[in-house]
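Inside the fold
What follows is the residue order along each chain.
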Amino acid sequence: MSIISPLAQSLTPYVPGEQPRTDIPWIKLNTNENPYPPSPAVQPAIEQAIAHLPLYPEPTSRIVRQAVARRHGLTEQQVFIGNGSDDVLALCFPAFFQGQELPVRLADITYSFYQVYAALFGVPAETCPLDDAFQMPVDAFCQGPCAGVLLTNPNAPTGLSLPLCAIERVLQAQPDCLVLVDEAYVEFGAQSAVGLIDRYPNLLVVRTLSKSHGLAGLRVGYAMGQPPLIQALTSIKDSFNSYPVDRLAQAGAAAALADDAYTQHCCRKITHTRAWFTQALRERGFDVLDSMANFVFARPADGDAVGLQAYLRSKGILVRHFDAPRIADRLRISIGTDCHMQALVEALDAR
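The structure displayed is predicted, hence computed values, not measured ones.

Looking at the overall build of the chain
Each helix and strand counted, the chain has 12 helices and 13 strands in total. Computed over its C-alpha atoms, the radius of gyration of the chain comes to 20 Å, within 12% of the 20 Å expected for a compact globule of 351 residues. Seen through its C-alpha atoms, the chain measures out along the principal axes to roughly 55 × 55 × 50 Å. Evaluated residue by residue, the chain yields a buried proportion of 53% over its 351 residues. Mean positive and mean negative side-chain charge positions of the chain (27 and 34 charges, respectively) differ by 3 Å.

Quick notes on the pairing of strand S7 (residues 203–208)
Counted residue by residue, S7 has 6 buried out of 6 residues, so it is predominantly covered. Alternating positions in S7 separate into two faces, Leu203, Val205 and Arg207 on one and Leu204, Val206 and Thr208 on the other, with burial throughout. For strand S6 (residues 178–182) and S7, the ladder comprises 4 bridges, and the chain directions are parallel. Residue pairing for S7: Leu180 is matched across the bridge by Leu204. Two strands pair when backbone bridges link them, and S7 and strand S8 (residues 221–225) are joined in this way by 5 bridges, in the antiparallel orientation. Bridge assignment links Val206 to a residue of S8, and that residue is Ala223.

Focus: the nonpolar core
Val68, Ile81, Phe141, Leu151, Leu203, Val220 and Met224 are the most contacted members of the largest nonpolar core, which has 52 residues in total. Each residue touching Leu203, except ones within four places of it in the same chain, is listed here: Leu171, Val179, Val181, Ala193, Leu196, Ile197, Met224, Gly225 and Leu229. Ranked by size, the runner-up nonpolar core spans 33 residues in total, among them Ala156, Phe188, Ile270 and Phe295.

A short note on the sheet that holds strand S4 (residues 125–128)
The strand order S2-S8-S7-S6-S5-S3-S4 describes an open sheet built from 7 strands, whose pairing is mixed. Since the sheet does not close on itself, it has two edges, and those belong to strand S2 (79–82) and S4, each with one partner. Here the average twist between neighbouring strands, direction ignored, is 20 degrees. Relative to S4, strand S3 (residues 104–107) runs parallel, the two sharing 4 bridges. Considered in S4, the bridge of Val104 is made with Ala125. Strands strand S5 (148–152), S6 and S7 of the sheet are contacted by helix H7 (residues 164–173), whose axis makes an angle of about 160 degrees with S6.

Let's talk about the sheet that holds strand S9 (residues 287–288)
If you trace the 4 strands from one edge of the open sheet to the other, you get S9-S10-S13-S12, paired in antiparallel fashion. The open sheet has two edge strands, S9 and strand S12 (320–321), and neither has a second partner. As paired strands, S9 and strand S10 (residues 295–299) are joined by 2 bridges and run antiparallel to one another. Residue Asp287 lies in a different strand from S10, and its bridge partner there is Arg299. The sheet strands contacting helix H10 (residues 260–283) are S9, S10 and strand S13 (331–334), and the helix crosses S10 at an angle near 5 degrees.

Here we look at the packing of aromatic side chains
On inspection of all chains with the given rule, the structure shows 12 aromatic pairs. Between Tyr111 and Phe113, the aromatic rings sit 6.0 Å apart at their centres with planes inclined by 75 degrees, giving edge-to-face as the arrangement. Judged by its relative accessible area of 16%, Phe113 is buried. Cluster of aromatic residues (ring-pair linked, three or more members): Tyr14, Phe93, Phe96, Phe97, Tyr111, Phe113, Tyr114, Tyr117 and Phe121. Lying across the ring of Tyr36, Lys269 places its NZ or CZ 3.9 Å from the centre.

Brief notes about the environment of Ala350
Along the chain, Ala350 falls in helix H12 (residues 338–350). A sequence separation of 114 residues divides Ala350 from Ile236, and the C-alpha atoms of the two residues are 53 Å apart.

Points about unusual backbone geometry
With an omega of 0 degrees, the peptide bond between Asn153 and Pro154 qualifies as cis. With respect to the helices and strands, the residue Pro154 is situated in the loop between S5 and H7. Omega for the peptide link from Ala156 to Pro157 comes to 15 degrees, which places this bond in the cis form. Summarising the element assignment, Pro157 is placed in the loop between S5 and H7. Positive phi outside glycine occurs at Phe134, with the angle close to 65 degrees.

Calculation notes
Sequence order as written defines residue numbering, which begins from 1 separately in each chain. Per-residue local features of the predicted model are confined to residues with pLDDT of at least 70, and side-chain atom pairs are confined, for both listing and counting, to 80 or more; whole-chain, interface and lining totals are unaffected and use all residues. Each side-chain value is worked out from all heavy atoms of the structure, with water and hydrogens disregarded. Secondary structure elements are defined from DSSP: runs of H or I of at least 4 residues count as helices, runs of E of at least 2 residues count as strands, and each element is numbered from the N terminus. Only C-alpha atoms enter the radius of gyration; for comparison, a globular chain is expected to reach 2.2 Å times N to the power 0.38, where N is the number of residues. Relative accessibility decides the category of a residue: with a 1.4 Å probe and only protein chains considered, values under 20% of the type maximum give buried, values over 50% give exposed, and everything between is partly exposed. Just so you know, the count uses Lys and Arg for positive and Asp and Glu for negative, and it drops His and the chain ends. Taken as the charge centre is NZ of Lys, CZ of Arg, CG of Asp or CD of Glu, depending on the residue. Two strands form a pair only when DSSP identifies at least two bridges running between them. As used in this record, nonpolar core signifies buried Ala, Val, Leu, Ile, Met, Phe, Trp, Tyr and Cys residues forming a set joined through side-chain atoms within 4.5 Å. Two residues qualify as a contact provided that any one of their heavy atoms is within 4.5 Å of a heavy atom in the partner residue. Inter-axis angles, ranging from 0 to 180 degrees, are taken between N-to-C directions of lines fitted to C-alpha atoms, where helices are fitted over the stretch in contact. What counts as a ring pair is set by centres within 6.5 Å for rings of Phe, Tyr and Trp (its six-membered ring), and what kind of pair is set by the plane angle: stacked under 30 degrees, edge-to-face over 60, tilted for all other angles. Counted as over-ring charges are cases with an Arg CZ or a Lys NZ within 6 Å of the ring centre that also lie within 35 degrees of the ring normal.

Following this line, the structure appears as structure tokens:
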């Protein structure tokens, strides 16, 4: 008899993007990190928090909840903090979906961690195909009962976004289940659903500080919703790990959230770079979706995404390929600085 559980033996874990050796000067465009440093307020806040490291962190991450609440016009009771948005998303499965016979509903091409969570927590999942233009199947999300609906807006890896009216259609069609809107990339141009929270008790909006705030290494994410949803997440969290967000992360996150002007400045630079880089790819025969995220999803003219990925790697440029149906001929390319993207364009022209 194996001492490894059947569950552990059966899981197919999520595979993150490559994190290469840092002593090699890669141009790293494969994991959607922000190419700019976080707010200048972050470092002194973390340095000040170091003196308190002998003590456990505040278990509810109150200073971060307060910063999120101020940023979005909410109350502290409408905010939950986790160790990155992946942590928050994982806790949603036992909090809202586990034990239900109905499936959670999600797109067939979206953030692949959702399927891993479903398998981990024994939650049935129903995938709804994106259309031929890779748009979200809103009608399918609205039809018939389900345990919950998972929407990534903008979607990953396509970068395409949903208008707020489409999200509201799903909320109205599925009043008896959670509608989770994952807004990891919303700061780069999509419409946020946060303004709908007070009107819909079944809406939970999840965000991360990894992308727009340049804090991928700090691991802080959050959820926003009406208090009963936040209480459910807190109950699950406190039954697993009462201290998921450390003191340094809380201090840095609160400082970053308070400096909204800096965040918006960096996001504008990224969207400006995204616009000219998208045009540069199209001029070279690529099919590029109209991204509202900090990456583009592009098909080279010859459809050989694997070959192009290997070539770019040989030039010191990392991009992401997904070996999956319907998208294996595309690459997801994170938006770096103008210099990063110019180097990629020059590598294409030299091929």
